[in-house]
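Survey of secondary and tertiary structure
Here are the chains, one letter per residue:
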Amino acid sequence: MGFARACSVALVGVEGVVVEVQADLEPGVAAFALVGLPDKSLVESRDRVRAAVVNSGAEWPQKKLTVGLSPASVPKSGSGFDLAVACAVLGAAERIDPAAIADVVMIGELGLDGRVRPVRGVLPAVLAAAEAGYRHVVVPEQTAGEAALVPGVSVLGVRSLQQLIAVLADEPVPEEPVSAQGRPDSMLAGLMMPGAGVGTGLAPFAVQGSDGHRPDLADVAGQHRPRKALEVAAAGGHHLLLSGPPGAGKTMLAERLSAILPPLTRRESLEVTAVHSVAGILPPGEPLVTRAPYCAPHHSATMQSLVGGGNGLPRPGAVSLAHRGVLFLDEAPEFSGRALDALRQPLESGHVVVARAAGVVRLPARFLMILAANPCPCGRHTLSGAGCECPPAMIRRYQSRLSGPLLDRVDLRVEVEPVSRADLMGRGGRGETTAEVADRVREARERAADRLAGTPWSTNSEVPGHELRTRLLAAPGALHAAERDMERGVLTARGLDRVLRVAWTVADLRAADRPDASDVAVALELRTGIQRGVPMEAGAS
């Protein structure tokens, strides 16, 4: 009787569980049984592994073979267990030393010819293996760079099962033919989810044009107040509502927000890359996402596509794909009410918990949300002489699609006015570029990070209201206007906390130690829309 074991990883959402793959050979009629709660794609690995082993020059054992995936209570899906199953079978057949694979984590799909094909989710799988104490990982050659991002782990990238057998058996490693130059690598098909390419608005560089031109804030004509709101939103991580008639530039402004956000830190990059790797939108050749992602789902998106879902275990939705980046909901009132209200919990907590019959998954969802809305169904309600024919009841019904509890979680609400002829023709001069605004945003973020050092928070939008009222105090008398608005019912208790957060961000942008009355006035104007007589030009003190 022969026995051997190897290790692999089962992904539950974006978190991994190390699975021990055990192979047992007993005398009897040749058979192959796979146990341990596998799904359909994993059951099919029996045929893939047998063909791959034979075509790699190894002998398939003609005995009763049982392969167990432990722990058996964890659901296992996907084809990433093929490599571990094959090595466990060869170890039980004594083709390779069982001790050489006992503490090695193997991730990869096997083709019938023995080639090792890449799979999605390699980074979170290797992170889970490292947290469990494993130090040696075998992955497909195409994903070795992604696996190498995890510190303290020795990564071996293999192109075929024959190569891996030679390495484990201490034999000469055979040379594998290289794919022809100029042809797309068919092996990379396993890394990309069909329909999740750059054109879907999900990739980090989705706002880049087809000619390589990246949109710049200097392209926006006029719009001083929305530009100021965009800068404040980026500096403090505040959610933003842009309302105005069609053609005023709401989408144009939103597409430029991700470019002024600071680059992701190392920990944030690993979080975002793990989500994108599981979702199948990680660009080949770019194993690490360093820029803030940008996700802009269509208004026909369902609640499951926004917060996560799908058959079996839930998969990441748009709120997770926009983690540490921007989620732009254009034509926000056209989204279903259930889908919009499902955003309330992740807006507060920074994660989403999706419960399905197959299990409960916790997905990261700390994003910066931008809503764009027209004033009425035809969009001409706020334009003088534009001929809006929408009845008042229809306008109220259209505007009420954005519920009060959702809007209460939006820090900044700005009216985008139509562009004047002078601004459009360039007579007012070009505005500040993305690079200039991004420098101010980066400096403001650094001031906030220094002030919040030693706390669980890094941006002003994350600080609880209790801390703002007890420890991080504004200047004396700065909150008089906000307190009056709260007494009049203009602000709720949550709204007052959010005004304080925005005021701290405005103070950081002008390099002040703490917010004063003018900073609170700017925050109140950006939240309520009531003009307070303060300058709103970008960069104004």
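Above: the structure in question.
First things first, this report covers the structure right here in the doc. This one's a predicted model, so the numbers in the text were calculated from it and none came from an experiment.

Assigned secondary structure in the chain consists of 23 helices and 16 strands. By the burial criterion, 51% of the 541 residues in the chain qualify as buried. On the chain, roughly 23,500 Å² of surface is accessible, and the fraction owed to carbon and sulfur atoms is 52%.

This paragraph deals with empty space enclosed by the protein. All chains considered together, the criterion is met by one cavity of 30 Å³ or more. Estimates place the volume of the largest cavity at around 30 Å³. Surrounding the largest cavity, R451, L452, N460, V463, L468, L472 and W504 form its lining. Of the residues belonging to the lining of the largest cavity, the class tally is five nonpolar, one polar and one charged.

Next up on the list: the pattern of salt bridges. Enumeration over the complete set of coordinates arrives at 31 salt bridges. Ionic pairing is found between R256 and D219, a salt bridge with its closest N-O pair at 3.4 Å. With R256 in the loop between α9 (250-254) and α10 (257-260) and D219 in the loop between α7 (161-168) and α8 (224-236), the pair connects residues that are 37 residues apart, well separated along the chain. Residue R256 is classed as buried on the basis of its relative accessible area of 6%. Notably, a salt bridge pairs E525 with R225, separated by 2.0 Å at the nearest N-O pair. You can see E525 sitting in helix α23 (residues 517-528) and its partner R225 sitting in helix α8, a full 300 residues away along the chain. You can call E525 buried: its relative accessible area is 5%. Relative accessible area serves as the criterion here: at 29%, R225 is assigned to the partly exposed category. Counted as one network, the salt bridges with shared partners bring together E348, D408, R409, D411, R494, R498 and R527.

Moving on to the pairing of strand β10 (residues 240-243). The side chains of a regular strand alternate, first on one face of the sheet and then on the other. The alternating pattern of β10 places L240 and L242 on one face and L241 and S243 on the opposite face, and all of these are buried. By the bridge criterion, four bridges tie β10 to strand β15 (residues 368-373) in an arrangement that is parallel. Opposite S243, over in β15, you have A373 as the bridge partner. The pairing of β10 with strand β16 (residues 412-415) spans four bridges and is classified as parallel.

Structurally, N460 can be placed in the loop between α19 (434-451) and α20 (465-470). Residue classification places N460 among the buried residues on the basis of a relative accessible area of 4%. Within the local environment of N460, its side chain forms a polar contact with the side chain of R451, the two groups lying 2.7 Å apart. A distance of 3.1 Å separates a polar atom in the side chain of N460 from a polar atom in the side chain of D508. With residues up to four places along the chain from it excluded, the contact list for N460 reads G236, H238, A448, R451, R501, W504, T505 and D508.

Let us look at the nonpolar core. In terms of nonpolar packing, the biggest core is built from 46 residues, with L230, L240, L257, I260 and I370 touching the most fellow members. Each residue touching I370, except ones within four places of it in the same chain, is listed here: L230, L240, L242, A254, L257, V326, L327, F328 and L329.

As a further point, take the packing of helix α2 (residues 45-55) against helix α3 (residues 82-92). Put simply, α2 and α3 touch, their axes get as near as 10 Å, and they point 60° apart. Taken as axis vectors, α2 and α3 run oblique relative to one another. In this structure, α2 crosses over α3, and the sense of that crossing is right-handed. Contact residues: S45, R48, V49 and V53 in α2; D82, V85, A86 and L90 in α3.

Before going further, it helps to examine the sheet that holds β15. The strand order across the open sheet formed by five strands is β11-β12-β15-β10-β16, and the pairing between neighbours is parallel. Because the sheet does not close on itself, it has two edges, and the strands there are β11 (294-295) and β16. Note: strand β12 (residues 326-329) against β15, four bridges, orientation parallel. Bridge pairing in β15 links L327 to M369. Contacts from α8 reach β10, β15 and β16 within the one sheet, and its direction differs from that of β16 by about 165°.

Rules used in this analysis
- Residues numbered from 1 in each chain as written.
- Predicted model: local features only at pLDDT ≥ 70, side-chain atom pairs only at ≥ 80, totals over all residues.
- Heavy atoms only, no water.
- Helix = DSSP H or I, 4+ residues; strand = E, 2+ residues; numbered from the N terminus.
- Buried < 20%, exposed > 50% of the residue type's maximum accessible area, 1.4 Å probe, protein only.
- Areas by Shrake-Rupley, 256 points an atom, 1.4 Å probe, with all protein chains shown as cover.
- 1 Å grid on protein atoms, 1.4 Å probe; cavity = no way out; pocket = protein on both sides within 12 Å on 5 of 7 lines; lining within 4 Å.
- Points joined across faces, edges and corners; volume = space filled by probe spheres on them.
- Nonpolar A, V, L, I, M, F, W, Y, C, P; charged D, E, K, R; others polar.
- Salt bridge = Lys/Arg side-chain N within 4 Å of Asp/Glu carboxyl O.
- Pairing = 2+ DSSP bridges.
- Polar contact = N/O pair within 3.5 Å; in protein donor to acceptor, adjacent residues only side chain to side chain.
- Contact = heavy atoms within 4.5 Å.
- Core = buried A, V, L, I, M, F, W, Y, C linked by side-chain atoms within 4.5 Å.
- Axes fitted to C-alpha atoms, helices over the stretch in contact; angles between N-to-C directions.
- Parallel < 35°, antiparallel > 145°, perpendicular 65-115°, else oblique.
- Left-handed = near helix turned anticlockwise from the far one by under 90°.

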